[in-house]
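Observations on the three-dimensional arrangement
Chain by chain, the residues:
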Amino acid sequence: MSILSQLNSPPIYAICGGVVAFVAVVCVVFMVRPWRAEIALGMDKTKMRRVITASVTFSVLPSVGILLGVIALSGSLGTPWPWLRLSVVGALHYETQVAQSAAEQVGMASLSAAEMTPRGFATIALLMSACIMWGMVLSAVFSKRYLKRLGSGGSGGGTGAGFGDRAMTAMFIGLICAYLGSYVGTFVSGGAFPFNGDWSPLAVAGISGLTMAGCLYLSEKKGMAWLESFSIAGSMLVGMAGAVLLRLWV
C-alpha cells in the first residue's frame with residue numbers, strides 16, 4: 001500500500017472526521033445559544049435572519065481559499081489531515097509554509113506524494129501541530145491582561161491595539177519577504193542569470209499581489225467594502241489561474 005493510500009485510509013478519516021465533527025457540534029451550540037438569548041431579549045427575528053444570511057454569504061467565498069489549500073496539500077499529505085488542520089485551528093499561509101519547510105528538513109526536494117515517507121509525514125504533522133499551538137497557549141495566559149490594557153486605554157492611549165496592528169503587519173511583511181526571497185533564489189540558481197532561472201513563481205506572486213492591490217483599492221477608494229472579504233480567495237484564484245496560463249504559454 002502506498003503512503004498516500006495509508007494517509008487516505010478509513011482509520012485516518014475516522015480520527016480526523018471525529019475531531020472535525022466535534023468542532024462542528026461546538027459551532028452549532030454557539031449558534032443556538034445566542035439565537036435563544038436574542039429571542040429572550042426580544043430582538044426582531046427578521047433582522048436576526050438577515051444578519052445570519054449576510055454572514056453566511058460573506059463566509060462562502062473566502063472559505064474557497066481554505067478549500068484550495070486542502071486540495072493543494074491533499075496531493076502529498078492525503079485529504080484527512082489537511083482537512084482537519086484547515087477546518088479547526090490551521091491557517092492557510094501557515095500550513096503550507098510549515099509543511100514545505102518540514103519536508104525540506106527531512107530531505108525531500110519538494111512536498112510531493114512521490115517523495116513522501118511515513119517518517120516525513122510524521123515530522124510534517126508534528127511540526128504543523130506543535131508550532132501553531134503557542135497562539136492558543138499564549139492567549140490563555142496573557143489575553144486577560146492584554147484585554148484589560150485595551151479596556152483602560154493602555155499606558156499610551158491605545159498603545160496595545162497599535163502594537164497588535166504593527167506586529168501583525170510586520171509578521172506578514174516578513175512572511176512575504178521570505179517567500180519572495182525563495183522565489184528569487186530559485187530564479188537566480190536555476191541557471192545563468194538572468195535567462196535560465198524559473199521566473200514563474202515571481203510572476204505568479206506579482207499577479208496575486210496586483211489582484212490584492214486592486215481589491216483593496218476598490219474596497220477603500222470606491223466604496224466596495226464587501227470586496228474586502230473576498231480579496232484573499234480572489235487573489236489566490238487569479239494567481240493559480242495565472243500559474244496555469246504561464247505553464248501553458250511559456
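Bear in mind that the values here come from a model prediction, so they are computed numbers and not experimental data. (Residues numbered from 1 in each chain as written. Predicted model: local features only at pLDDT ≥ 70, side-chain atom pairs only at ≥ 80, totals over all residues. Heavy atoms only, no water.)

1. Topic: the pattern of salt bridges
Worth spelling out the cut-off: When a carboxyl oxygen of Asp or Glu is within 4 Å of a side-chain nitrogen of Lys or Arg, the pair counts as a salt bridge. Strands here are runs of E lasting at least two residues and helices are runs of H or I lasting at least four, both read from the DSSP assignment and numbered beginning at the N terminus. Think of it in three bands: with a 1.4 Å probe and only protein chains considered, a residue is buried below 20% of the maximum accessible area for its type, exposed above 50%, and partly exposed in between.
Summed over all chains, the structure comprises one salt bridge. With its nearest N and O atoms 3.1 Å apart, the salt bridge here joins glutamate 95 to arginine 85. Of this pair, glutamate 95 sits in helix α5 (residues 92–105) while arginine 85 sits in helix α4 (residues 80–88), and the two are ten residues apart along the sequence. Considered together, glutamate 95 and arginine 85 belong to a single accessibility category, that of buried residues.

2. Structural notes on the nonpolar core
Stated formally: Residues grouped as a nonpolar core are buried Ala, Val, Leu, Ile, Met, Phe, Trp, Tyr and Cys residues, joined through side-chain atoms within 4.5 Å. When checking whether two residues touch, look at their non-hydrogen atoms; a contact exists if any pair is within 4.5 Å.
Judged by nonpolar contacts, the single largest core of 24 residues is most densely connected at Leu77, Leu111, Met116 and Ile124. For this core, the secondary structure elements donating two or more residues are α1 (3–7), α2 (10–40), α3 (45–77), α4, α5 and α6 (118–152). When residues no more than four places from it in sequence are discounted, the contact partners of methionine 116 are Ile3, Ser76, Leu77, Met108, Leu111, Phe121 and Ile124.

3. With respect to the layout of surface pockets
This is how it is decided: Two kinds of site are reported from a 1 Å grid over the protein atoms alone, namely cavities, where a 1.4 Å probe fits but cannot get out, and pockets, open sets with protein on both sides within 12 Å along at least five of seven lines, and residues are called lining when an atom falls within 4 Å of a point. Grid points are joined across faces, edges and corners, and a volume is the space filled by probe spheres set on the points. Each residue gets one of three labels, nonpolar for Ala, Val, Leu, Ile, Met, Phe, Trp, Tyr, Cys and Pro, charged for Asp, Glu, Lys and Arg, and polar for the others, Gly among them.
In this structure, the largest pocket encloses a volume near 2,200 Å³. If you go around the largest pocket, you meet 49 residues; those closest to its centre are Thr96, Tyr179, Tyr183, Ser208 and Met236. Those elements giving two or more residues to the lining of the largest pocket turn out to be α3, α5, α7 (159–189), α8 (200–221) and α9 (231–249). Counting residues per element, the lining of the largest pocket draws most heavily on α9, which supplies ten residues. Tallied by class, the residues present in the lining of the largest pocket amount to 27 nonpolar, 17 polar and five charged. Approximately 420 Å³ is the volume found for the second largest pocket.

4. Description of the environment of alanine 99
You can see alanine 99 is positioned in helix α5. Along the primary structure alanine 99 and phenylalanine 121 are separated by 22 residues, whereas in three dimensions their C-alpha atoms are 9.1 Å apart. Setting aside residues up to four positions removed in sequence, alanine 99 forms contacts with Leu73, Leu77, Leu111, Ile124 and Met128.

5. Details of the packing of α2 against α4
We apply this condition: Fitted lines through C-alpha atoms give the axes, limited to the stretch in contact for helices. The angle between two N-to-C directions lies from 0 to 180 degrees. Here is the rule for angles: anything less than 35 degrees is roughly parallel, anything more than 145 is roughly antiparallel, 65 through 115 is roughly perpendicular, and the remaining ranges are oblique. In this scheme the crossing of two helices becomes right-handed for a clockwise turn of the near helix relative to the far one and left-handed for an anticlockwise turn of less than a right angle.
The contact between α2 and α4 brings their axes to 9 Å, and the two run at 15°. Here α2 is positioned roughly parallel relative to α4, judged by the angle of their axes. Viewed along their axes, α2 and α4 form a crossing whose handedness is left-handed. Residue-level contacts link Ile12, Tyr13, Cys16, Gly17, Val19, Val20 and Val23 of α2 to Pro80, Trp81, Trp83, Leu84, Ser87 and Val88 of α4.

6. Focus: the confidence of the model for the protein chain
As a reminder of what qualifies: Confidence scores labelled pLDDT are given residue by residue by the predictor and lie between 0 and 100.
Within the protein chain, residue pLDDT values average 81, and 88% of them lie at 70 or more. Taken element by element, the protein chain is modelled with least confidence in α7, mean pLDDT 76, and with most confidence in α2, mean pLDDT 92.

7. Some thoughts on the side chain of serine 235
Considering the arrangement of structural elements, one finds serine 235 in helix α9. Given a relative accessible area of 5%, serine 235 falls into the buried group. Here serine 235 is in contact with Ser208, Thr211 and Met212, once residues within four sequence places are set aside.

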